[in-house]
Amino acid sequence: MAKLAAAFELALPTRHPSVPAYRWLYASLRAEILYGRLRPGARLPSTRDLANQYRLARGTIVNAFEQLKSEGYVEGSVGSGTHVSKVLPEKLLDVLSEQGASAHAAKPAWHAKRLQAVSDYGRRATLFAGYENRPTRAFRANLPALDLFPTTLWTKITLRCLRRISRRQLMGCDPLGYVPLRQAVAEYLSRSRGVRCVPEQVAIVSGVQEALDLTARLLLNPGDLVCVENPGYPGAVLVFQAFRARIFAAGVDNEGIEIRQLPSHRVRLIYVTPGHQFPLGTTMSLARRLQLLEWARKSGATIFEDDYDSEYRYSGRPIPALQGLGGSGLVLYAGSFSKVLFPALRIGYVVVPFDLLHHFEAIQSLTSRHAPLLEQFVLSDFITEGHFGRHLRRMREVYAERLSVLLEEARLRLAGLLEISNVEAGLQTAGWLGGGIDAESAAAAAAKRNVDVTPIDRYSQGKVVPEGLQLGFAALDVKEIRRGVRELAIALEGERKAFHRGSRSARR
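Observations concerning the overall build of the chain
- A tally of helices and strands in the chain yields 17 helices and 14 strands.
- The long-range share in the chain, meaning contacts at least 24 apart out of those at least 6 apart in sequence, stands at 73%.
- Carbon and sulfur atoms make up 51% of the accessible area of the chain, which totals about 23900 Å².

Focus: the packing of helix H7 (residues 151-164) against helix H14 (residues 373-384)
- Where H7 meets H14, the closest approach of the two axes is 9 Å, and the angle between their N-to-C directions is 120 degrees. With respect to their mutual orientation, H7 and H14 come out oblique. In this structure, the crossing between H7 and H14 has a hand that is right-handed. Residue-level contacts link Leu153, Trp154, Ile157, Thr158, Arg160, Cys161, Leu162 and Arg164 of H7 to Leu374, Phe377, Val378, Leu379, Asp381 and Phe382 of H14.
- Counted by class, the contact of H7 with H14 contains 10 nonpolar, one polar and three charged residues.

Some thoughts on the confidence of the model for the chain
- Overall, the prediction assigns the chain a mean pLDDT of 88, with 89% of residues at 70 or greater.
- Long-range and interchain partners of residues 1-7, a stretch whose pLDDT sits below 50, account for 13 contacts in this model, where long-range means more than four residues apart.
- Taken together, the stretch residues 92-106 has pLDDT below 50 and engages in 24 contacts with residues farther than four places along the chain or on a different chain.

Section: the sheet that holds strand E12 (residues 428-433)
- Taken in spatial order, the four strands make up an open sheet running E11-E12-E14-E13, and their pairing is antiparallel. The open sheet is flanked by strand E11 (418-420) and strand E13 (454-455), the only strands paired with a single partner.
- Relative to strand E14 (residues 468-472), E12 is paired through five bridges, and the arrangement is antiparallel. Opposite Trp432, over in E14, you have Gly468 as the bridge partner.

Looking at the pattern of salt bridges
- Summed over the entire model, instances satisfying the criterion amount to 21 salt bridges.
- One salt bridge in this structure joins Glu258 and Arg260, with 2.6 Å as the shortest N-O distance.
- For Arg260, a relative accessible area of 71% corresponds to the exposed category.
- Taking the shortest distance from any N to any O, the salt bridge between Arg458 and Glu440 comes out at 2.9 Å. Placement of Arg458 in the loop between E13 and E14 and of Glu440 in helix H16 (residues 439-447) is noted, with a sequence separation of 18 residues between them.
- On the accessibility criterion, Glu440 (34% relative accessible area) is partly exposed.
- Several salt bridges share partner residues, and in doing so they unite Arg160, Arg164, Asp381 and Glu385 into one network.

A closer look at the sheet that holds strand E5 (residues 246-253)
- Judged by pairing direction, the sheet is mixed, and its eight strands sit side by side in the order E3-E10-E9-E8-E7-E4-E5-E6 without closing on themselves. Edge positions in the sheet fall to strand E3 (202-205) and strand E6 (256-257), since each of these pairs with one other strand and no more.
- Bridge count for strand E7 (residues 267-272) against strand E8 (residues 302-306) is four bridges, and the pairing is parallel. Counterpart to Leu269 in the pairing with E8 is Thr302.
- Packed onto the sheet, helix H9 (residues 179-192) meets E3, strand E9 (331-336) and strand E10 (348-351) and runs at close to 115 degrees relative to E3.

Quick word on the environment of Ala443
- With respect to the helices and strands, Ala443 occurs in helix H16.
- For the pair Ala443 and Gly468, spaced 25 residues apart in the sequence, the C-alpha separation amounts to 10.0 Å.
- Apart from residues no more than four positions distant in its own chain, Ala443 is found in contact with Val453 and Pro455.

Some words on the nonpolar core
- Membership of the largest hydrophobic core comes to 92 residues, with the highest contact counts inside it found for Phe139, Leu292, Phe337, Leu341, Tyr399 and Leu414.
- It is helix H15 (residues 387-413) that provides the largest number of residues to this core, a total of nine residues.
- The residues touching Leu341, leaving out its near neighbours within four places in the chain, are Pro144, Leu146, Phe149, Trp154, Leu379, Phe382, Phe388 and His391.
- Counting 34 residues, the second largest nonpolar core, distinct from the first, contains Val205, Phe243, Leu357 and Tyr459.

Comments concerning the packing of helix H2 (residues 47-54) against helix H3 (residues 58-70)
- The contact between H2 and H3 brings their axes to 8 Å, and the two run at 120 degrees. By the angle between their axes, H2 is oblique relative to H3. Between H2 and H3 lies a crossing of right-handed hand. Taking contact as the criterion, the partners of Thr47, Arg48, Leu50 and Ala51 in H2 are, on H3, Arg58, Ile61, Val62 and Phe65.
- Residues of the contact of H2 with H3, tallied by class, amount to five nonpolar, one polar and two charged.

Considering the packing of aromatic side chains
- With the rule as written, the count across this model stands at 18 aromatic pairs.
- For the pair Trp154 and Phe382, a centre-to-centre distance of 5.3 Å together with 65 degrees between the ring planes defines the contact as edge-to-face. Taken together, the residues Trp154 in helix H7 and Phe382 in helix H14 connect sequence positions 228 residues apart.
- Among the aromatic side chains, those forming a connected cluster through ring pairs are Tyr233, Tyr271, Phe278, Phe304, Tyr308 and Tyr459.

Some points on helix H12 (residues 286-299)
- Here H12 is 14 residues long and its end C-alpha atoms lie 20 Å apart, about the 20 Å a rise of 1.5 Å per residue gives.
- Taken together, the buried positions of H12 are occupied by Arg288, Arg289, Leu292, Leu293, Trp295, Ala296 and Ser299. Seen from one end, H12 has its buried residues packed into an arc of 160 degrees, which puts them on one side.
- Structurally, H12 contributes buried residues whose contacts are with E5, E6, E7, E8 and E9.
- Positive backbone phi, at 80 degrees, marks Gly300, one or two positions downstream of H12.

What counts as what
- Residues numbered from 1 in each chain as written.
- Predicted model: local features only at pLDDT ≥ 70, side-chain atom pairs only at ≥ 80, totals over all residues.
- Heavy atoms only, no water.
- Helix = DSSP H or I, 4+ residues; strand = E, 2+ residues; numbered from the N terminus.
- Contact = heavy atoms within 4.5 Å.
- Areas by Shrake-Rupley, 256 points an atom, 1.4 Å probe, with all protein chains shown as cover.
- Axes fitted to C-alpha atoms, helices over the stretch in contact; angles between N-to-C directions.
- Parallel < 35°, antiparallel > 145°, perpendicular 65-115°, else oblique.
- Left-handed = near helix turned anticlockwise from the far one by under 90°.
- Nonpolar A, V, L, I, M, F, W, Y, C, P; charged D, E, K, R; others polar.
- pLDDT = per-residue confidence, 0-100.
- Pairing = 2+ DSSP bridges.
- Salt bridge = Lys/Arg side-chain N within 4 Å of Asp/Glu carboxyl O.
- Buried < 20%, exposed > 50% of the residue type's maximum accessible area, 1.4 Å probe, protein only.
- Core = buried A, V, L, I, M, F, W, Y, C linked by side-chain atoms within 4.5 Å.
- Phe/Tyr/Trp six-rings, centres within 6.5 Å; stacked < 30°, edge-to-face > 60°.
- Expected span 1.5 Å × (residues − 1).
- Arc of directions from axis to C-beta.

Quick look at the structure:
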(Lines give C-alpha, C1' and ligand atoms only; values in the text may rest on other atoms or scores of the structure.)
Protein backbone atom coordinates (compact mmCIF):
# COMPACT_ATOMS: atom_id res chain seq x y z
CA MET A 1 0.00 0.00 0.00
CA ALA A 2 1.34 3.38 -0.97
CA LYS A 3 2.34 5.64 1.85
CA LEU A 4 0.63 8.98 2.36
CA ALA A 5 2.54 11.97 1.10
CA ALA A 6 3.88 14.50 3.53
CA ALA A 7 1.20 16.93 2.34
CA PHE A 8 -1.92 15.31 3.70
CA GLU A 9 -4.15 14.37 0.76
CA LEU A 10 -7.36 13.74 2.69
CA ALA A 11 -9.83 16.62 2.88
CA LEU A 12 -10.39 17.21 6.59
CA PRO A 13 -13.42 19.21 7.76
CA THR A 14 -13.07 22.88 8.65
CA ARG A 15 -12.34 23.43 12.34
CA HIS A 16 -14.85 25.55 14.24
CA PRO A 17 -13.11 28.08 16.53
CA SER A 18 -14.85 26.64 19.60
CA VAL A 19 -13.23 23.20 19.07
CA PRO A 20 -9.67 22.78 20.43
CA ALA A 21 -7.19 22.07 17.65
CA TYR A 22 -6.03 18.71 18.98
CA ARG A 23 -9.64 17.49 19.40
CA TRP A 24 -10.45 18.55 15.84
CA LEU A 25 -7.44 16.71 14.41
CA TYR A 26 -8.05 13.63 16.58
CA ALA A 27 -11.73 13.42 15.60
CA SER A 28 -10.97 14.02 11.91
CA LEU A 29 -8.30 11.30 11.72
CA ARG A 30 -10.45 8.89 13.71
CA ALA A 31 -13.30 9.41 11.25
CA GLU A 32 -10.97 8.78 8.31
CA ILE A 33 -9.92 5.51 9.94
CA LEU A 34 -13.51 4.60 10.82
CA TYR A 35 -14.75 4.96 7.25
CA GLY A 36 -11.76 3.29 5.66
CA ARG A 37 -10.19 6.24 3.91
CA LEU A 38 -7.14 5.54 6.07
CA ARG A 39 -6.72 1.78 5.80
CA PRO A 40 -4.98 -0.46 8.37
CA GLY A 41 -1.24 -0.14 8.00
CA ALA A 42 -1.36 3.25 6.27
CA ARG A 43 1.38 5.59 7.38
CA LEU A 44 0.45 9.02 8.66
CA PRO A 45 2.50 12.13 7.90
CA SER A 46 5.03 13.13 10.53
CA THR A 47 3.97 15.45 13.32
CA ARG A 48 6.29 18.09 11.89
CA ASP A 49 4.74 17.87 8.40
CA LEU A 50 1.20 18.08 9.76
CA ALA A 51 2.14 21.00 12.00
CA ASN A 52 3.50 22.89 8.98
CA GLN A 53 0.55 22.01 6.75
CA TYR A 54 -2.18 23.03 9.20
CA ARG A 55 -0.18 25.79 10.91
CA LEU A 56 -0.55 24.17 14.31
CA ALA A 57 1.87 23.72 17.18
CA ARG A 58 3.69 20.43 16.96
CA GLY A 59 2.52 19.66 20.50
CA THR A 60 -1.07 19.83 19.23
CA ILE A 61 -0.33 17.13 16.66
CA VAL A 62 1.44 15.00 19.25
CA ASN A 63 -1.55 15.23 21.61
CA ALA A 64 -3.93 14.11 18.85
CA PHE A 65 -1.66 11.19 17.92
CA GLU A 66 -1.30 10.15 21.55
CA GLN A 67 -5.08 10.10 21.98
CA LEU A 68 -5.48 7.94 18.86
CA LYS A 69 -2.70 5.66 20.07
CA SER A 70 -4.22 5.25 23.54
CA GLU A 71 -7.53 4.18 21.96
CA GLY A 72 -5.87 1.70 19.61
CA TYR A 73 -6.42 3.45 16.29
CA VAL A 74 -2.74 4.05 15.50
CA GLU A 75 0.57 2.58 16.54
CA GLY A 76 4.18 3.52 16.13
CA SER A 77 7.49 4.20 17.76
CA VAL A 78 10.40 6.59 17.45
CA GLY A 79 12.07 6.14 14.08
CA SER A 80 9.37 4.01 12.49
CA GLY A 81 6.64 6.65 12.10
CA THR A 82 2.95 6.39 12.96
CA HIS A 83 0.68 3.87 11.19
CA VAL A 84 -3.00 3.00 11.34
CA SER A 85 -3.31 -0.07 13.56
CA LYS A 86 -3.65 -3.35 11.66
CA VAL A 87 -5.98 -4.65 14.36
CA LEU A 88 -8.49 -1.94 15.18
CA PRO A 89 -10.72 -1.66 18.28
CA GLU A 90 -13.62 -4.12 18.33
CA LYS A 91 -16.21 -1.46 17.62
CA LEU A 92 -14.64 -0.80 14.23
CA LEU A 93 -14.46 -4.41 13.04
CA ASP A 94 -18.07 -4.56 11.90
CA VAL A 95 -17.68 -1.30 10.05
CA LEU A 96 -14.61 -2.53 8.20
CA SER A 97 -16.23 -5.84 7.31
CA GLU A 98 -19.21 -4.02 5.78
CA GLN A 99 -16.90 -1.78 3.86
CA GLY A 100 -15.16 -4.85 2.42
CA ALA A 101 -12.25 -4.44 0.08
CA SER A 102 -13.74 -1.53 -1.87
CA ALA A 103 -11.09 1.01 -2.73
CA HIS A 104 -13.65 3.73 -2.20
CA ALA A 105 -14.54 2.41 1.29
CA ALA A 106 -18.24 3.38 1.12
CA LYS A 107 -20.04 4.02 4.38
CA PRO A 108 -21.94 1.01 5.74
CA ALA A 109 -25.69 0.67 5.17
CA TRP A 110 -26.53 0.91 8.86
CA HIS A 111 -24.72 4.24 9.01
CA ALA A 112 -26.87 5.69 6.23
CA LYS A 113 -30.05 4.52 7.95
CA ARG A 114 -28.91 5.98 11.25
CA LEU A 115 -28.22 9.35 9.63
CA GLN A 116 -31.70 9.33 8.09
CA ALA A 117 -33.12 8.98 11.60
CA VAL A 118 -31.32 12.09 12.88
CA SER A 119 -33.58 15.16 13.04
CA ASP A 120 -32.92 18.34 11.11
CA TYR A 121 -32.01 19.98 14.41
CA GLY A 122 -29.56 17.18 15.18
CA ARG A 123 -27.88 17.65 11.81
CA ARG A 124 -27.57 21.39 12.31
CA ALA A 125 -26.27 21.20 15.89
CA THR A 126 -22.53 21.86 16.11
CA LEU A 127 -20.25 20.78 18.95
CA PHE A 128 -19.43 23.79 21.11
CA ALA A 129 -16.43 22.89 23.22
CA GLY A 130 -16.29 23.88 26.86
CA TYR A 131 -13.30 24.49 29.09
CA GLU A 132 -10.27 22.34 28.32
CA ASN A 133 -8.59 20.65 31.24
CA ARG A 134 -5.07 21.78 30.38
CA PRO A 135 -2.40 23.86 32.08
CA THR A 136 -3.19 27.55 32.41
CA ARG A 137 -0.60 29.68 30.66
CA ALA A 138 -0.36 33.13 29.12
CA PHE A 139 -2.75 34.31 27.67
CA ARG A 140 -5.58 31.87 28.12
CA ALA A 141 -8.86 33.79 27.96
CA ASN A 142 -12.30 33.44 29.56
CA LEU A 143 -10.98 31.87 32.74
CA PRO A 144 -10.97 33.18 36.35
CA ALA A 145 -8.15 32.64 38.84
CA LEU A 146 -9.18 29.21 40.08
CA ASP A 147 -6.24 28.94 42.47
CA LEU A 148 -7.63 31.89 44.46
CA PHE A 149 -11.14 30.53 44.87
CA PRO A 150 -11.94 29.71 48.56
CA THR A 151 -12.46 25.98 48.07
CA THR A 152 -12.16 25.19 51.79
CA LEU A 153 -14.99 27.58 52.58
CA TRP A 154 -17.09 26.22 49.71
CA THR A 155 -16.55 22.68 51.01
CA LYS A 156 -17.56 23.71 54.52
CA ILE A 157 -20.82 25.23 53.27
CA THR A 158 -21.50 22.17 51.10
CA LEU A 159 -21.12 19.79 54.05
CA ARG A 160 -23.38 21.96 56.18
CA CYS A 161 -26.05 21.96 53.45
CA LEU A 162 -25.83 18.19 53.14
CA ARG A 163 -26.21 17.70 56.89
CA ARG A 164 -29.37 19.78 57.08
CA ILE A 165 -30.98 18.74 53.79
CA SER A 166 -34.61 17.67 54.19
CA ARG A 167 -36.63 14.96 52.52
CA ARG A 168 -38.70 17.62 50.80
CA GLN A 169 -35.58 19.23 49.37
CA LEU A 170 -34.43 15.87 48.07
CA MET A 171 -37.62 15.82 45.99
CA GLY A 172 -36.44 18.78 43.91
CA CYS A 173 -37.83 22.26 43.27
CA ASP A 174 -39.83 24.32 40.81
CA PRO A 175 -38.44 24.64 37.26
CA LEU A 176 -37.40 28.25 37.85
CA GLY A 177 -35.15 27.24 40.75
CA TYR A 178 -34.61 27.33 44.50
CA VAL A 179 -36.55 30.30 45.88
CA PRO A 180 -33.90 31.59 48.37
CA LEU A 181 -31.30 31.63 45.57
CA ARG A 182 -33.68 33.48 43.26
CA GLN A 183 -34.21 36.02 46.02
CA ALA A 184 -30.47 36.41 46.57
CA VAL A 185 -29.82 36.86 42.83
CA ALA A 186 -32.62 39.40 42.45
CA GLU A 187 -31.28 41.46 45.35
CA TYR A 188 -27.71 41.30 44.03
CA LEU A 189 -28.71 42.34 40.49
CA SER A 190 -30.88 45.20 41.73
CA ARG A 191 -28.10 46.51 43.95
CA SER A 192 -25.04 46.04 41.74
CA ARG A 193 -26.25 46.00 38.12
CA GLY A 194 -29.30 48.26 38.21
CA VAL A 195 -31.59 45.45 37.05
CA ARG A 196 -35.29 45.98 37.74
CA CYS A 197 -36.70 42.67 38.88
CA VAL A 198 -38.38 40.71 41.64
CA PRO A 199 -37.42 37.14 42.63
CA GLU A 200 -40.39 35.72 40.71
CA GLN A 201 -38.78 36.88 37.44
CA VAL A 202 -35.46 35.13 38.09
CA ALA A 203 -34.96 31.71 36.49
CA ILE A 204 -31.98 29.62 37.60
CA VAL A 205 -30.34 27.83 34.67
CA SER A 206 -27.10 25.93 34.10
CA GLY A 207 -25.48 28.95 32.47
CA VAL A 208 -25.82 31.42 29.63
CA GLN A 209 -25.63 28.64 27.05
CA GLU A 210 -28.79 27.03 28.42
CA ALA A 211 -30.39 30.46 28.69
CA LEU A 212 -29.76 30.96 24.97
CA ASP A 213 -31.24 27.57 24.13
CA LEU A 214 -34.37 28.22 26.22
CA THR A 215 -34.77 31.67 24.69
CA ALA A 216 -34.49 30.26 21.17
CA ARG A 217 -37.17 27.69 22.02
CA LEU A 218 -39.31 30.47 23.46
CA LEU A 219 -39.05 33.05 20.67
CA LEU A 220 -37.73 31.61 17.42
CA ASN A 221 -39.38 29.86 14.52
CA PRO A 222 -37.41 28.62 11.47
CA GLY A 223 -36.54 31.54 9.25
CA ASP A 224 -36.83 34.22 11.94
CA LEU A 225 -34.23 36.98 11.80
CA VAL A 226 -31.73 37.26 14.66
CA CYS A 227 -29.15 40.05 14.94
CA VAL A 228 -25.75 39.45 16.56
CA GLU A 229 -22.57 41.41 17.13
CA ASN A 230 -19.74 40.97 14.63
CA PRO A 231 -17.27 39.86 15.88
CA GLY A 232 -19.20 38.17 18.64
CA TYR A 233 -19.78 35.15 20.84
CA PRO A 234 -19.88 31.98 18.67
CA GLY A 235 -21.91 29.99 21.21
CA ALA A 236 -24.92 32.25 20.58
CA VAL A 237 -24.66 32.00 16.79
CA LEU A 238 -24.49 28.19 16.95
CA VAL A 239 -27.67 28.04 19.04
CA PHE A 240 -29.60 30.30 16.68
CA GLN A 241 -28.38 28.47 13.59
CA ALA A 242 -29.45 25.14 15.08
CA PHE A 243 -32.99 26.56 15.31
CA ARG A 244 -32.79 27.59 11.63
CA ALA A 245 -32.79 31.29 12.36
CA ARG A 246 -31.42 33.71 9.79
CA ILE A 247 -28.37 35.54 11.17
CA PHE A 248 -27.71 39.23 10.58
CA ALA A 249 -24.26 40.23 11.87
CA ALA A 250 -23.83 43.94 12.67
CA GLY A 251 -20.46 45.56 13.22
CA VAL A 252 -19.14 46.85 16.54
CA ASP A 253 -17.36 50.16 17.13
CA ASN A 254 -15.91 51.66 20.32
CA GLU A 255 -19.43 52.38 21.66
CA GLY A 256 -20.96 48.98 20.96
CA ILE A 257 -23.11 47.43 18.24
CA GLU A 258 -23.70 49.81 15.33
CA ILE A 259 -27.41 50.62 15.39
CA ARG A 260 -27.39 52.14 11.90
CA GLN A 261 -26.53 48.74 10.44
CA LEU A 262 -29.51 46.97 12.01
CA PRO A 263 -32.65 46.18 9.97
CA SER A 264 -35.60 48.42 10.83
CA HIS A 265 -38.22 45.66 11.07
CA ARG A 266 -38.91 41.90 11.10
CA VAL A 267 -36.16 41.25 13.64
CA ARG A 268 -37.24 38.67 16.21
CA LEU A 269 -34.25 38.75 18.58
CA ILE A 270 -30.98 40.61 19.04
CA TYR A 271 -28.07 39.24 21.10
CA VAL A 272 -25.63 41.73 22.67
CA THR A 273 -22.88 41.83 25.31
CA PRO A 274 -22.99 45.51 26.37
CA GLY A 275 -21.14 45.25 29.69
CA HIS A 276 -17.97 43.80 28.16
CA GLN A 277 -18.28 43.10 24.44
CA PHE A 278 -17.08 39.65 23.42
CA PRO A 279 -14.37 39.44 22.14
CA LEU A 280 -13.27 43.08 21.77
CA GLY A 281 -13.77 44.03 25.42
CA THR A 282 -15.41 47.43 24.86
CA THR A 283 -18.25 48.71 27.07
CA MET A 284 -21.40 49.94 25.33
CA SER A 285 -21.89 53.64 25.99
CA LEU A 286 -24.99 54.96 27.72
CA ALA A 287 -26.05 56.81 24.56
CA ARG A 288 -25.74 53.63 22.48
CA ARG A 289 -27.73 51.64 25.05
CA LEU A 290 -30.58 54.11 24.87
CA GLN A 291 -30.46 54.02 21.06
CA LEU A 292 -30.62 50.22 21.10
CA LEU A 293 -33.64 50.23 23.40
CA GLU A 294 -35.42 52.72 21.15
CA TRP A 295 -34.58 50.63 18.07
CA ALA A 296 -35.99 47.52 19.81
CA ARG A 297 -39.24 49.34 20.65
CA LYS A 298 -39.71 50.47 17.07
CA SER A 299 -38.67 47.21 15.40
CA GLY A 300 -40.53 44.92 17.82
CA ALA A 301 -37.37 42.93 18.60
CA THR A 302 -36.57 41.30 21.94
CA ILE A 303 -33.08 41.90 23.36
CA PHE A 304 -30.99 39.14 24.94
CA GLU A 305 -28.48 40.91 27.21
CA ASP A 306 -25.54 38.66 28.10
CA ASP A 307 -23.77 40.15 31.12
CA TYR A 308 -21.26 37.34 31.33
CA ASP A 309 -18.35 38.86 33.29
CA SER A 310 -18.91 42.57 33.90
CA GLU A 311 -18.89 42.07 37.70
CA TYR A 312 -15.19 42.80 37.33
CA ARG A 313 -15.02 46.49 36.47
CA TYR A 314 -11.73 48.37 36.87
CA SER A 315 -12.35 51.94 35.69
CA GLY A 316 -15.10 54.35 34.76
CA ARG A 317 -18.54 54.67 36.28
CA PRO A 318 -20.76 51.57 36.18
CA ILE A 319 -23.47 51.84 33.51
CA PRO A 320 -26.82 50.27 34.39
CA ALA A 321 -27.84 47.18 32.50
CA LEU A 322 -30.00 47.62 29.41
CA GLN A 323 -32.75 45.85 31.32
CA GLY A 324 -32.67 48.53 34.01
CA LEU A 325 -32.73 51.49 31.60
CA GLY A 326 -36.44 51.18 30.96
CA GLY A 327 -36.08 47.97 29.03
CA SER A 328 -37.55 45.51 31.53
CA GLY A 329 -40.28 44.49 29.09
CA LEU A 330 -37.92 44.30 26.10
CA VAL A 331 -34.93 42.48 27.57
CA LEU A 332 -34.06 39.00 28.76
CA TYR A 333 -31.08 39.62 31.03
CA ALA A 334 -28.71 36.68 31.59
CA GLY A 335 -25.55 36.05 33.56
CA SER A 336 -23.50 33.19 34.95
CA PHE A 337 -21.48 32.31 38.04
CA SER A 338 -19.08 30.14 36.00
CA LYS A 339 -16.66 32.97 35.18
CA VAL A 340 -17.16 34.78 38.48
CA LEU A 341 -16.51 31.71 40.67
CA PHE A 342 -15.44 28.56 38.79
CA PRO A 343 -16.43 26.90 35.48
CA ALA A 344 -17.62 23.60 36.97
CA LEU A 345 -20.36 25.48 38.84
CA ARG A 346 -23.01 25.18 36.16
CA ILE A 347 -25.37 27.82 37.54
CA GLY A 348 -26.56 30.97 35.82
CA TYR A 349 -29.70 33.06 35.76
CA VAL A 350 -32.16 34.77 33.43
CA VAL A 351 -34.40 37.69 34.34
CA VAL A 352 -37.52 37.11 32.25
CA PRO A 353 -40.18 39.75 31.41
CA PHE A 354 -43.47 38.95 33.13
CA ASP A 355 -45.40 38.36 29.92
CA LEU A 356 -42.94 35.62 28.88
CA LEU A 357 -42.41 34.06 32.30
CA HIS A 358 -45.10 31.35 32.18
CA HIS A 359 -43.95 30.13 28.76
CA PHE A 360 -40.29 30.21 29.81
CA GLU A 361 -41.08 28.12 32.90
CA ALA A 362 -43.06 25.60 30.87
CA ILE A 363 -40.18 25.13 28.41
CA GLN A 364 -37.66 24.75 31.22
CA SER A 365 -39.86 22.09 32.85
CA LEU A 366 -39.66 20.05 29.63
CA THR A 367 -35.88 20.32 29.21
CA SER A 368 -33.61 20.45 32.25
CA ARG A 369 -36.55 20.35 34.73
CA HIS A 370 -34.44 22.45 37.12
CA ALA A 371 -30.78 23.17 37.80
CA PRO A 372 -28.94 20.84 40.26
CA LEU A 373 -30.37 21.60 43.68
CA LEU A 374 -27.44 21.01 46.03
CA GLU A 375 -25.33 23.55 44.16
CA GLN A 376 -28.22 26.01 44.43
CA PHE A 377 -28.33 25.50 48.23
CA VAL A 378 -24.60 26.12 48.56
CA LEU A 379 -24.54 29.14 46.26
CA SER A 380 -27.51 30.68 48.06
CA ASP A 381 -25.69 30.51 51.41
CA PHE A 382 -22.43 31.66 49.80
CA ILE A 383 -24.19 34.82 48.61
CA THR A 384 -26.41 35.59 51.60
CA GLU A 385 -23.60 35.13 54.14
CA GLY A 386 -21.48 37.76 52.33
CA HIS A 387 -18.79 35.44 50.93
CA PHE A 388 -19.71 36.20 47.33
CA GLY A 389 -19.33 39.95 47.80
CA ARG A 390 -15.99 39.55 49.57
CA HIS A 391 -14.70 37.24 46.85
CA LEU A 392 -15.71 39.72 44.15
CA ARG A 393 -13.96 42.60 45.90
CA ARG A 394 -10.79 40.58 46.38
CA MET A 395 -10.69 39.33 42.80
CA ARG A 396 -11.45 42.76 41.39
CA GLU A 397 -8.26 44.03 43.03
CA VAL A 398 -6.23 41.05 41.85
CA TYR A 399 -7.46 41.28 38.26
CA ALA A 400 -6.96 45.05 38.14
CA GLU A 401 -3.32 44.55 39.14
CA ARG A 402 -2.84 41.82 36.53
CA LEU A 403 -4.37 43.99 33.80
CA SER A 404 -2.09 46.86 34.83
CA VAL A 405 0.99 44.62 34.60
CA LEU A 406 -0.09 43.34 31.17
CA LEU A 407 -0.56 46.87 29.83
CA GLU A 408 2.75 48.10 31.25
CA GLU A 409 4.73 45.10 29.94
CA ALA A 410 3.06 45.45 26.56
CA ARG A 411 3.99 49.13 26.43
CA LEU A 412 7.62 48.25 27.07
CA ARG A 413 7.98 45.16 24.87
CA LEU A 414 5.22 45.09 22.26
CA ALA A 415 5.33 48.63 20.89
CA GLY A 416 4.81 48.52 17.14
CA LEU A 417 3.87 44.85 17.31
CA LEU A 418 0.64 44.72 19.32
CA GLU A 419 -1.48 47.56 20.67
CA ILE A 420 -3.55 46.26 23.60
CA SER A 421 -6.87 47.85 24.47
CA ASN A 422 -7.22 49.25 27.99
CA VAL A 423 -10.54 47.59 28.84
CA GLU A 424 -12.76 48.74 31.69
CA ALA A 425 -14.08 45.32 32.73
CA GLY A 426 -13.84 41.56 32.31
CA LEU A 427 -11.29 38.75 32.25
CA GLN A 428 -9.64 39.38 28.86
CA THR A 429 -8.84 42.09 26.36
CA ALA A 430 -7.96 42.48 22.68
CA GLY A 431 -4.80 43.64 20.93
CA TRP A 432 -4.30 44.90 17.39
CA LEU A 433 -1.34 43.72 15.35
CA GLY A 434 1.02 46.05 13.51
CA GLY A 435 3.79 45.59 10.97
CA GLY A 436 1.72 43.52 8.53
CA ILE A 437 1.53 40.56 10.93
CA ASP A 438 -1.17 37.95 10.21
CA ALA A 439 -3.18 36.92 13.29
CA GLU A 440 -3.30 33.19 12.50
CA SER A 441 0.43 33.09 11.85
CA ALA A 442 1.04 35.06 15.05
CA ALA A 443 -1.05 32.61 17.08
CA ALA A 444 0.85 29.64 15.64
CA ALA A 445 4.21 31.29 16.34
CA ALA A 446 3.14 32.16 19.89
CA ALA A 447 1.97 28.59 20.55
CA LYS A 448 5.49 27.34 19.75
CA ARG A 449 6.66 29.50 22.66
CA ASN A 450 3.94 28.19 25.03
CA VAL A 451 1.72 31.25 24.68
CA ASP A 452 -2.02 31.03 23.93
CA VAL A 453 -3.63 33.83 21.94
CA THR A 454 -6.79 33.65 19.82
CA PRO A 455 -7.17 35.50 16.50
CA ILE A 456 -10.16 37.86 16.65
CA ASP A 457 -11.19 36.75 13.16
CA ARG A 458 -12.25 33.38 14.57
CA TYR A 459 -15.18 35.18 16.20
CA SER A 460 -16.19 37.04 13.03
CA GLN A 461 -18.86 36.41 10.42
CA GLY A 462 -16.49 37.20 7.57
CA LYS A 463 -13.45 39.43 7.87
CA VAL A 464 -14.68 42.63 9.49
CA VAL A 465 -11.90 43.75 11.82
CA PRO A 466 -8.16 44.45 11.53
CA GLU A 467 -5.74 41.67 12.43
CA GLY A 468 -6.02 41.22 16.19
CA LEU A 469 -5.63 38.79 19.08
CA GLN A 470 -7.64 38.06 22.22
CA LEU A 471 -5.57 37.83 25.42
CA GLY A 472 -6.72 36.70 28.85
CA PHE A 473 -5.07 37.97 32.01
CA ALA A 474 -7.31 37.08 34.98
CA ALA A 475 -6.11 33.49 35.51
CA LEU A 476 -2.38 34.39 35.31
CA ASP A 477 -0.07 35.54 38.06
CA VAL A 478 2.25 38.47 37.45
CA LYS A 479 5.25 36.26 36.73
CA GLU A 480 3.40 34.34 34.01
CA ILE A 481 2.09 37.56 32.46
CA ARG A 482 5.63 38.92 32.17
CA ARG A 483 6.91 35.65 30.70
CA GLY A 484 4.04 35.63 28.24
CA VAL A 485 4.73 39.16 27.03
CA ARG A 486 8.44 38.39 26.55
CA GLU A 487 7.72 35.24 24.54
CA LEU A 488 4.94 36.89 22.55
CA ALA A 489 7.26 39.76 21.64
CA ILE A 490 9.82 37.29 20.27
CA ALA A 491 7.14 35.46 18.28
CA LEU A 492 5.64 38.64 16.82
CA GLU A 493 9.03 40.12 15.96
CA GLY A 494 9.79 36.96 14.01
CA GLU A 495 6.48 37.25 12.15
CA ARG A 496 7.13 40.91 11.35
CA LYS A 497 10.56 40.11 9.89
CA ALA A 498 9.05 37.28 7.84
CA PHE A 499 6.43 39.67 6.47
CA HIS A 500 9.04 42.24 5.45
CA ARG A 501 11.21 39.56 3.83
CA GLY A 502 8.20 38.43 1.84
CA SER A 503 7.37 42.01 0.83
CA ARG A 504 10.90 42.65 -0.40
CA SER A 505 10.88 39.42 -2.38
CA ALA A 506 7.56 40.34 -4.00
CA ARG A 507 8.95 43.72 -5.15
CA ARG A 508 11.95 42.15 -6.88
